[in-house]
Amino acid sequence: MLINADLTQPVTVHGSSLEWIASPAAGVDRKMLYREGAEVARATSIVRYAKGSAFPAHVHTGGEEILVLDGTFQDEHGDYPAGSYFRNPPGTSHSPAAAEGCTIFVRLWQHRAGDGAQIVRRPGEGDALAPRPGVAEAIRLFEDGAERVVLETWQPAAAVETANPRGLELLVVSGSARIGAELLTAQSWLRWPPGLPLTATAGDDGAVVWIKDAPLHHPDILKIPA
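Bear in mind the structure is a predicted one, so any value in this text is a computation, not a measurement. (Residues numbered from 1 in each chain as written. Predicted model: local features only at pLDDT ≥ 70, side-chain atom pairs only at ≥ 80, totals over all residues. Heavy atoms only, no water.)

Observations regarding the overall build of the protein chain
In step 1: When its secondary structure is counted, the protein chain shows zero helices and 22 strands.
In step 2: Each of the three principal axes of the protein chain carries a C-alpha extent, and together these read 45 × 40 × 35 Å.
In step 3: Taking the contacts inside the protein chain whose residues are at least 6 apart along the sequence as the reference set, 67% of them involve residues at least 24 apart.
In step 4: When the accessible surface of the protein chain is totalled, it reaches about 9,900 Å², and 55% of it is carbon and sulfur.
In step 5: Treating the 19 positive side-chain charges of the protein chain as one cloud and the 27 negative ones as another, the clouds have centres 3 Å apart. (Helix = DSSP H or I, 4+ residues; strand = E, 2+ residues; numbered from the N terminus. Contact = heavy atoms within 4.5 Å. Areas by Shrake-Rupley, 256 points an atom, 1.4 Å probe, with all protein chains shown as cover. Lys, Arg positive; Asp, Glu negative; His and termini not counted. Charge placed at Lys NZ, Arg CZ, Asp CG, Glu CD.)

Here we look at the layout of surface pockets
In step 1: Volume-wise, the largest pocket comes out at about 540 Å³.
In step 2: Taken together, the elements giving at least two residues each to the lining of the largest pocket come down to strand E4 (28–37), strand E5 (41–49), strand E7 (58–60), strand E8 (64–75) and strand E13 (102–108).
In step 3: For the lining of the largest pocket, the element with the most residues is E5, which contributes five residues. (1 Å grid on protein atoms, 1.4 Å probe; cavity = no way out; pocket = protein on both sides within 12 Å on 5 of 7 lines; lining within 4 Å. Points joined across faces, edges and corners; volume = space filled by probe spheres on them.)

Some remarks on empty space enclosed by the protein
In step 1: Per the counting criterion, the structure on display carries one cavity of 30 Å³ or more.
In step 2: Reported here for the largest cavity is a volume of approximately 70 Å³.
In step 3: For the largest cavity, the full set of lining residues is Arg-107, Gln-110, Glu-147, Gly-167, Leu-168, Glu-169, Lys-212, Ala-214, Pro-215, Leu-216, His-218 and Ile-221.
In step 4: Split by residue class, the lining of the largest cavity holds five nonpolar, three polar and four charged. (Nonpolar A, V, L, I, M, F, W, Y, C, P; charged D, E, K, R; others polar.)

Some thoughts on the pairing of strand E22 (residues 198–213)
In step 1: Direction of pairing for strand E17 (residues 148–154) relative to E22: antiparallel, over a ladder of seven bridges. If you follow Trp-154 over to E22, its bridge partner there is Ala-207.
In step 2: Bridge analysis of strand E18 (residues 159–162) against E22 gives four bridges, and the strand direction is antiparallel. Following the sheet pairing, Glu-161 is matched in E22 by Thr-199.
In step 3: Bridge analysis of strand E19 (residues 168–179) against E22 gives nine bridges, and the strand direction is antiparallel. Residue pairing across strands places Val-172 opposite Val-209, the latter belonging to E22. (Pairing = 2+ DSSP bridges.)

Remarks on the environment of Ala-186
In step 1: Relative to the helices and strands, Ala-186 is located in the loop between strand E20 (182–185) and strand E21 (188–192).
In step 2: Along the chain, Ala-186 and Val-172 lie 14 residues apart, while their C-alpha atoms are 5.0 Å from each other.
In step 3: Ignoring anything within four residues of it in the chain, the contact list for Ala-186 reads Ser-16, Val-172, Val-173, Ser-174 and Gly-175.

What about the nonpolar core?
Soluble globular proteins: nonpolar side chains tend toward being buried together.
In step 1: Of all hydrophobic cores here, the largest spans 20 residues; its most connected members are Trp-154, Leu-170, Ile-179, Leu-190, Leu-198, Val-209 and Ile-211.
In step 2: Mapped by element, the contributors of at least two residues to this core are strand E16 (135–143), E17, E19, E21 and E22.
In step 3: Here this core gets six residues from one element, more than from any other, and that element is E22.
In step 4: The contact partners of Trp-154, leaving out residues within four places of it in the chain, are Arg-132, Gly-134, Val-135, Val-160, Leu-170, Ala-177, Ala-200, Ala-202, Gly-206, Ala-207, Val-209 and Ile-211.
In step 5: Counting 19 residues, the second largest nonpolar core, distinct from the first, contains Leu-33, Tyr-85, Ile-119 and Phe-142. (Core = buried A, V, L, I, M, F, W, Y, C linked by side-chain atoms within 4.5 Å. Buried < 20%, exposed > 50% of the residue type's maximum accessible area, 1.4 Å probe, protein only.)

Here's the deal with unusual backbone geometry
In step 1: Of note, the phi angle at Trp-109 is positive, near 55 degrees, even though the residue is not glycine.
In step 2: Backbone geometry at Gln-187 places phi at a positive 80 degrees, although glycine is not the residue there.
In step 3: Taking the relative accessible area as the measure of exposure, Gln-187 reaches 17% and is therefore buried.

Purely geometric stuff here, so don't read any function into it on its own.
As structure tokens, this is what we get:
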């Protein structure tokens, strides 16, 4: 399966308009934003857990990165309310569930060789950054030289410029923003190749956005087994 697999092209997907697709686990559905592969795939998705649903225990051979969008995501290690961010490096395992239901943004098989940092950020945790023009608050969730992940709160109606030297992904968590002719609302996602700077205008209520500054395909990205 190939969905938005040409990384040389800019992509904008309005997640709120996509249909939910059932996963192999009962009560767990997903919206596929990017995918290369079958059930084991290099993928970026929005995943919804119905109340009381669970996914079988599994090992993340290729790593996993998650932002909780609503509800509370759970596993045997703890509860993660909306706003939680974590990275499960290659080789880690868990049994995810959601007693009361939740929605998460998840990236799979996009870790690179040697990326072994396990990160858990509760809502509001991370390194506070000096806000840039148009940004009310910025929190660095992760940075290691190869990539940088931040959560920003954009001021209402503010113009925000974002350089793009390596590649850029952005997810609107709440609020809205306009980029060119596109109006992005909650669950809108974009992925732009390097060299294409981002010029956005936040909506009247501002926006909370998740931004990853990193190569779209690391040179040493882990290979999916044949």
